[in-house]
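Fold and geometry: a report
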Amino acid sequence: MSDHLNHECGIAMVRLLKPLSFYHKKYGTSFYGLNKLYLLMEKQHNRGQDGAGVVNIKFDVEPGTKYISRYRSIEKQAIADIFSRIHNKFEEVKKNDPKLLEDPEWLKKNIAFSGELFLGHVRYGTYGLNSIESCHPFLRQNNWMSRNLVVAGNFNMTNVDELFNDLIKLGQSPKEKADTVTVMENIGHFLDEENEVLYQKYKALGNSKQEISPLIAEHIDVGNILRRSSKNWDGGYAIAGILGHGDAFVLRDPAGIRPAYFYKDDEVVIVTSERPAMQTAFNIPLDSIHEIKPGHALIIKKNGKIKEEMIKEPTQRLSCSFERIYFSRGSDNDIYKERKELGRLLCQSILTSVDHDLRNTVFSFIPNTAEVAFYGMMQGMEEYLKEVKKRKIKALGTNITDEKLNEILSIRPRAEKIAIKDAKLRTFITNDTDRSDMVAHVYDITYGTIRKGIDNLVVIDDSIVRGTTLKNSIIKMLDRLNPKKIVVVSSAPQIRYPDCYGIDMAKIGDLVAFKAAIQLLEENNMEHIVDEVFERCKEQLELGVNEMKNFVRMIYQPFSAEQISAKIAQLVKPEECKSELQIIFQKIEDLHSACPNHRGDWYFSGNYPTPGGNKVVSKAFINYIQGINERAY
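Let me begin by describing the structure that accompanies this report. Worth saying up front: this structure is predicted, and the values here are computed from it rather than measured.

1. Considerations on the environment of R553
- Position of R553 relative to the elements: it lies in the loop between α18 (527-540) and α19 (561-572).
- Considering only alpha carbons, one finds R553 and R496, 57 residues apart in sequence, at a separation of 8.9 Å.
- The residues touching R553, leaving out its near neighbours within four places in the chain, are Y497, S605, G606 and N607.

So, in structure tokens, the structure goes:
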């Protein structure tokens, strides 16, 4: 993606099922779980640039012993910072008595982060300040083990105001109105109630207070707590939690918007947001990794028993397709295939754009995350040329010669590395004019790859969101090569609607497709549609959330996708650009074809997977009309 977007947090959980001495004996290290957690977090670093956090729980410790340890960081290399601080604890042991590093039970008793259950989080914030207080995991503390709660997740709730008011009705006074706090306090409230019910039950049976605590820990019903607390949640979420005594869970939203996967054997249970992380860290075959079902929670009891329990009735599965296009690591088996297919499916539109003239067309990609789609595009062009070559050879009939045959067989699509991003360049200048000039140099161009005025230049991108980087940098840079025509191809469809489930696209006025549609309405004297949509959106906010509809669709209805694409090209084309410019977007039906099991396409279609989505898009449009520069949830 050429435009910068914040997006998608990542979770990693490691639960050791054997005594700590087992891992030391088998793997030769007392830090098996800690080392694996580090790998899982680093392999999901793509999901977190703002901060990170780690929590460790020790089982069955003596009263007075610290059993919950947590570090969080917002340093530039947050994961490295956290694990360096943890490692320093063990370095002190090494200085004083190196043999103790070979004694996992001593380490567990005396040194933090040497327990059986780990939870890690990498953060890419979409809301709030990038402060240490915003970093997961969050911790709700209590002197009763089973009332302690740790929460970390990849989520956004659309109805934070309602959830906040629910807490007030329960008698609480939340310290802030944020979905992370409201979710944790919501779960915490019903965790407290579950504890109280069990306490009264075992007290009535004649158990002493000291006897009651382990009985509560053994019989606490995590599924019941989650069912009660998540009753009114509206959003996309994969939420991981740990109770102080050792129970753990990962809960997924009913539409499967946010991803979560797990693996289990007799030694370990692992949960991550992405499959390749655990495949790499544990060398696990793909078919041994399971997806947590939508609406279900994977519950790991302290005694090692594991179950996947339905918490909320699953709805239509609408897993986020944008994750597949861009956010997730392309090393995932399915995502890699899907991205290649997204590139291949664009070939016919590209061929039409360049009049099938592949001899005078050069193909490339920007940025690097579009590389897999580029491979698919090139394979599609190879398939097309294969048929062209067959026709040409057949047309020769008996006049075939080596020279003519070699000429035909030499036809192939031309691919070049046109641009390289300069990671060292920082646009620190604040003056708008000077800064714009600096942005234009973020990429280094490869000169000599294009024949001036002769070659078409086709460049594929993952998606086009705001179009600012295209206008201020990429197209200016490509135009320096003096191609006959520049064709920018997006492997995603036009992004028309804001997101509210975890990706930083909450302001509809920032979206270049929306700007294009508004401008087309103005040019065609159809501003009355904008006024009508505004009134309908205001009316929507007076309705119950389940009655709301997405009337913002009306903004786009008068125009074809091709008309909007043409207007986008006009909007992002710099005044000084001499080359002809065309922008091609993926068709929504082709997106569904490439990603058949991940049909969450609300960014492109406006079909939100939860009722709260329609509320958010209405509020986003109202904010745009009223000039309110804030997110709509």
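2. Re the packing of aromatic side chains
- Going through the model one piece at a time under the given rule, you end up with 20 aromatic pairs.
- Note on F31 and F90: the rings are 4.4 Å apart at their centroids and 55° apart in plane angle, and the pair reads as tilted. In this pair, F31 is assigned in the loop between α1 (20-27) and α2 (32-42) and F90 in helix α3 (residues 78-96), connecting sequence segments 59 residues apart. In this pair, the class of F31 matches that of F90, namely buried.

3. Some details on helix α11 (residues 333-344)
- Compared with an ideal rise of 1.5 Å per residue, which puts 12 residues at 16 Å, α11 spans 17 Å between its outermost C-alpha atoms and is within 8% of the ideal.
- When α11 is considered as a whole, its buried residues turn out to be I335, E338, R339, K340, L342 and G343.
- The elements touched by buried residues of α11 are α10 (321-327), α12 (347-353), α13 (371-396), β18 (456-461) and α20 (588-594).
- At the N-terminal end of α11, a side-chain oxygen is found 3.0 Å from the backbone nitrogen of D334, two or three residues along, and the residue is D332.

4. Things to note about the side chain of S618
- Locating S618 in the fold gives a position in helix α22 (residues 611-626).
- Overall, the relative accessible area of 0% leaves S618 in the buried class.
- Residue contacts for S618: discarding those within four places in its chain leaves C537, Q540, L541 and K549.

5. Re the layout of surface pockets
- Here the second largest pocket defines a volume of roughly 730 Å³.
- Forming the walls of the second largest pocket are 27 residues, and the residues nearest its centre are M145, S213, P214, A217 and H245.
- With six residues, helix α7 (residues 209-219) is the single largest residue contributor to the lining of the second largest pocket.
- For the lining of the second largest pocket, the class distribution of residues is nine nonpolar, nine polar and nine charged.

6. Overview of the pattern of salt bridges
- Throughout the structure, instances matching the rule amount to 33 salt bridges.
- The residue K26 makes a salt bridge to E267 at a minimum N-O spacing of 2.4 Å. With K26 in helix α1 and E267 in the loop between β9 (261-264) and β10 (268-272), this residue pair connects regions lying 241 residues apart in the sequence.
- Owing to a relative accessible area of 49%, K26 belongs among the partly exposed residues under this scheme.
- Accessibility expressed as a relative area gives 7% for E267, which makes it buried.
- A salt bridge links K485 to E580, with the nearest nitrogen and oxygen atoms 3.8 Å apart. Here K485 is found in strand β19 (residues 485-490), whereas its partner E580 is found in strand β20 (residues 580-585), with 95 residues between them in sequence.
- On the basis of relative accessibility, which here comes to 9%, the residue K485 falls in the buried class.
- Salt bridges linked by common partners bring R140, R147, E185, D192 and E196 together as one network.

7. Comments concerning the packing of α2 against α3
- Here α2 crosses α3 at 170°, and the two axes come no closer than 11 Å. Comparing their axes, α3 and α2 come out roughly antiparallel. Of the residues in α3, those touching α2 at L34, L37, Y38, M41 and E42 are I79, A80, F83, I86 and F90.
- Here the contact of α2 with α3 is built from residues that sort into nine nonpolar, no polar and one charged.

8. Structural notes on the sheet that holds strand β14 (residues 361-365)
- The five strands are arranged β15-β14-β18-β19-β20 in an open sheet whose pairing can be described as parallel. Of all strands in the sheet, those bounded by a partner on one side alone are β15 (414-415) and β20.
- The pairing of β14 with β18 spans five bridges and is parallel. Looking at the pairing, S364 lines up with V459 of β18.

9. Description of the pairing of β10
- When you tally the buried positions in β10, you get five out of five residues, the bulk of the element.
- Residues V268, I270 and T272 of β10 are buried on one face, and the alternating residues V269 and V271, pointing to the opposite face, are buried as well.
- Direction of pairing for strand β1 (residues 10-16) relative to β10: antiparallel, over a ladder of five bridges. Residue pairing for β10: V14 is matched across the bridge by I270.
- The pairing of β9 with β10 spans four bridges and is classified as antiparallel.

About the criteria used
Residues numbered from 1 in each chain as written. Predicted model: local features only at pLDDT ≥ 70, side-chain atom pairs only at ≥ 80, totals over all residues. Heavy atoms only, no water. Helix = DSSP H or I, 4+ residues; strand = E, 2+ residues; numbered from the N terminus. Contact = heavy atoms within 4.5 Å. Phe/Tyr/Trp six-rings, centres within 6.5 Å; stacked < 30°, edge-to-face > 60°. Buried < 20%, exposed > 50% of the residue type's maximum accessible area, 1.4 Å probe, protein only. Expected span 1.5 Å × (residues − 1). Polar contact = N/O pair within 3.5 Å; in protein donor to acceptor, adjacent residues only side chain to side chain. 1 Å grid on protein atoms, 1.4 Å probe; cavity = no way out; pocket = protein on both sides within 12 Å on 5 of 7 lines; lining within 4 Å. Points joined across faces, edges and corners; volume = space filled by probe spheres on them. Nonpolar A, V, L, I, M, F, W, Y, C, P; charged D, E, K, R; others polar. Salt bridge = Lys/Arg side-chain N within 4 Å of Asp/Glu carboxyl O. Axes fitted to C-alpha atoms, helices over the stretch in contact; angles between N-to-C directions. Parallel < 35°, antiparallel > 145°, perpendicular 65-115°, else oblique. Pairing = 2+ DSSP bridges.

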